[in-house]
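A closer look at the structure
Chain by chain, the residues run as shown.
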Amino acid sequence: MKYGIIGTGAIGGFYGGKLAKAGQEVHFLLHKDYEYVKQNGLQVDSCDGSFHLDGVNAYNDTTAMPPCDVVLVCLKSINNGMLKTLLPPLLHQRTLVVLIQNGIGVEEDVQRDFPGVQLAAGLAFICSAKTEPGRVNHQCYGSINLANYSCRDEALMAAVVAEFREAGIETGFVEYHEARWKKAVWNMPFNGMTVALHAQTDELLKHPETRQLIRDQMMEVVGASRALGVNGVDEAFVEKMIRMTDEMTPYSPSMRLDYDFHRPMEIHYLYTRPIEIAREAGYRMPKLEMLEAELKFLEKNL
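Below you will find a few notes about this structure.

**Observations regarding the packing of aromatic side chains**
One pass over the structure, following the stated rule, counts five aromatic pairs. Taken together, a centroid distance of 4.8 Å and an interplanar angle of 25° make the contact between Trp186 and Phe190 stacked. Placement of both Trp186 and Phe190 in helix H6 (residues 176-196) is noted, with a separation of four residues, approximately one turn of the helix. Above the ring of Phe51, the side-chain terminus of Lys21 is found at 5.6 Å from the ring centroid. The aromatic ring of Phe125 is capped on one face by Lys183, whose charged end is 5.8 Å from the ring centroid.

**Describing empty space enclosed by the protein**
Taken as a whole and assessed by the stated rule, the structure comprises one cavity of 30 Å³ or more. Roughly 30 Å³ of internal volume is contained in the largest cavity. Along the walls of the largest cavity sit Gly103, Ile104, Arg180, Lys183, Ala184, Asn187, Met188, Tyr269 and Leu270, which together make up its complete lining. Taken together, the elements giving at least two residues each to the lining of the largest cavity come down to H6 and helix H11 (267-280). Of the residues forming the lining of the largest cavity, the biggest block, five residues, is contributed by H6. Classifying every residue of the lining of the largest cavity by side-chain character gives five nonpolar, two polar and two charged.

**Side note on the layout of surface pockets**
What the second largest pocket holds in volume is close to 270 Å³. Around the second largest pocket, the lining is made up of 15 residues, and of these Phe125, Asn145, Phe237, Lys240 and Met241 lie nearest the centre. Elements with a contribution of two residues or more to the lining of the second largest pocket: strand S8 (118-132), strand S9 (135-148), H6 and helix H9 (235-247). The element best represented in the lining of the second largest pocket is H9, accounting for four residues. Classifying every residue of the lining of the second largest pocket by side-chain character gives eight nonpolar, two polar and five charged.

**Section: the packing of helix H8 (residues 208-227) against helix H12 (residues 286-300)**
Close contact between H8 and H12 brings their axes to 8 Å; oriented N to C, the two are set at 110°. Comparing their axes, H12 and H8 come out roughly perpendicular. From H8, Leu213, Asp216, Gln217, Glu220 and Val221 reach across to H12, where they touch Pro286, Lys287, Leu288 and Leu291. In terms of residue class, the contact of H8 with H12 is made up of five nonpolar, one polar and three charged.

**Notes on the packing of H11 against H12**
For the pair H11 and H12, the least separation of the axes is 10 Å and the interaxial angle reads 145°. Taken as a pair, H11 and H12 cross one another with a handedness that is left-handed. Residues Ile267, Tyr271, Thr272, Ile275 and Arg279 of H11 form the contact with H12, whose participating residues are Leu288, Glu289, Leu291, Glu292, Leu295, Lys296 and Glu299. By residue class, the composition of the contact of H11 with H12 is six nonpolar, one polar and five charged.

**Section: the nonpolar core**
If you look at the biggest cluster of nonpolar residues, it comprises 39 residues, and the most contacted ones within it are Trp181, Val185, Met188, Met218, Met255, Tyr271 and Leu295. Sorting the residues of this core by element identifies H6, helix H7 (201-206), H8, H9, H11 and H12 as the ones contributing at least two each. Tallying contributions element by element places H6 first for this core, with eight residues. Once residues within four sequence positions are removed from consideration, Met255 is found in contact with Asn191, Gly192, Val195, Met265, Glu266, Ile267, Leu270, Tyr271 and Leu295. Formed by 36 residues, the second largest nonpolar core is a distinct cluster that contains Tyr3, Phe28, Phe51 and Ala58.

Reading the values: the criteria
Residues numbered from 1 in each chain as written. Predicted model: local features only at pLDDT ≥ 70, side-chain atom pairs only at ≥ 80, totals over all residues. Heavy atoms only, no water. Phe/Tyr/Trp six-rings, centres within 6.5 Å; stacked < 30°, edge-to-face > 60°. Helix = DSSP H or I, 4+ residues; strand = E, 2+ residues; numbered from the N terminus. Lys NZ or Arg CZ within 6 Å of the ring centre and 35° of its normal. 1 Å grid on protein atoms, 1.4 Å probe; cavity = no way out; pocket = protein on both sides within 12 Å on 5 of 7 lines; lining within 4 Å. Points joined across faces, edges and corners; volume = space filled by probe spheres on them. Nonpolar A, V, L, I, M, F, W, Y, C, P; charged D, E, K, R; others polar. Axes fitted to C-alpha atoms, helices over the stretch in contact; angles between N-to-C directions. Parallel < 35°, antiparallel > 145°, perpendicular 65-115°, else oblique. Contact = heavy atoms within 4.5 Å. Left-handed = near helix turned anticlockwise from the far one by under 90°. Core = buried A, V, L, I, M, F, W, Y, C linked by side-chain atoms within 4.5 Å. Buried < 20%, exposed > 50% of the residue type's maximum accessible area, 1.4 Å probe, protein only.

Laid out in structure tokens, this is it:
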């Protein structure tokens, strides 16, 4: 199939790069490093084996890109307003758009702008960063789960999963609501706490007080998912996430990098929206509400 990547950063560069390396036709939209990648290619430094892509199909405008069978949207969710312009040139009647983005509610809002487009969620479990032109630094993990939001063609979803796996990407097919809230179990505590306390993931878990706070915040997400009738998000999953983070390379999540580089943070979909949705279901997340307030304060003072 023909793939389009909107946002060739830490996530789009890694997954798009793996697909291209496996022989898939991949077209990459770039911004600041378009000229660099056009001339020098894309380098992926990976714990699973580094590689370089020469002759990358690189673009700085989607109107120059061909319609694609699958579009991976890897923009930060704060930039989703740009999709009204970026996405239409890449669509044909059967295109599947996969939103590999953080947070709760992103598919609902994108679907409102593109009512007939087939959408899926991409839930990436990966430590990856892009801090210089044309180079992705993949530190650990790398799996992704795909969840159907509005795709009418189950065979297309299955084909995408198969091609990801053929590219060496551990890929699962999961239920949408469970997948989104499971991702929030890790994202809501660690993204914000690394910013608020100016610490990496390992530091937060080394100290008993912050380790307990992280666990309490994770359990608030579990409670919210239960209030919403979502199955499969439980205390055992919380313990699994803490154990995985203990084993992880010390990491600064995307929100911490955004803060460090004085960029807007993804507070709306990572905090405000899920907190509102939980409150509407009669459940409060007080520790995460406090973290949301701290992040909004910090962002105003960037």
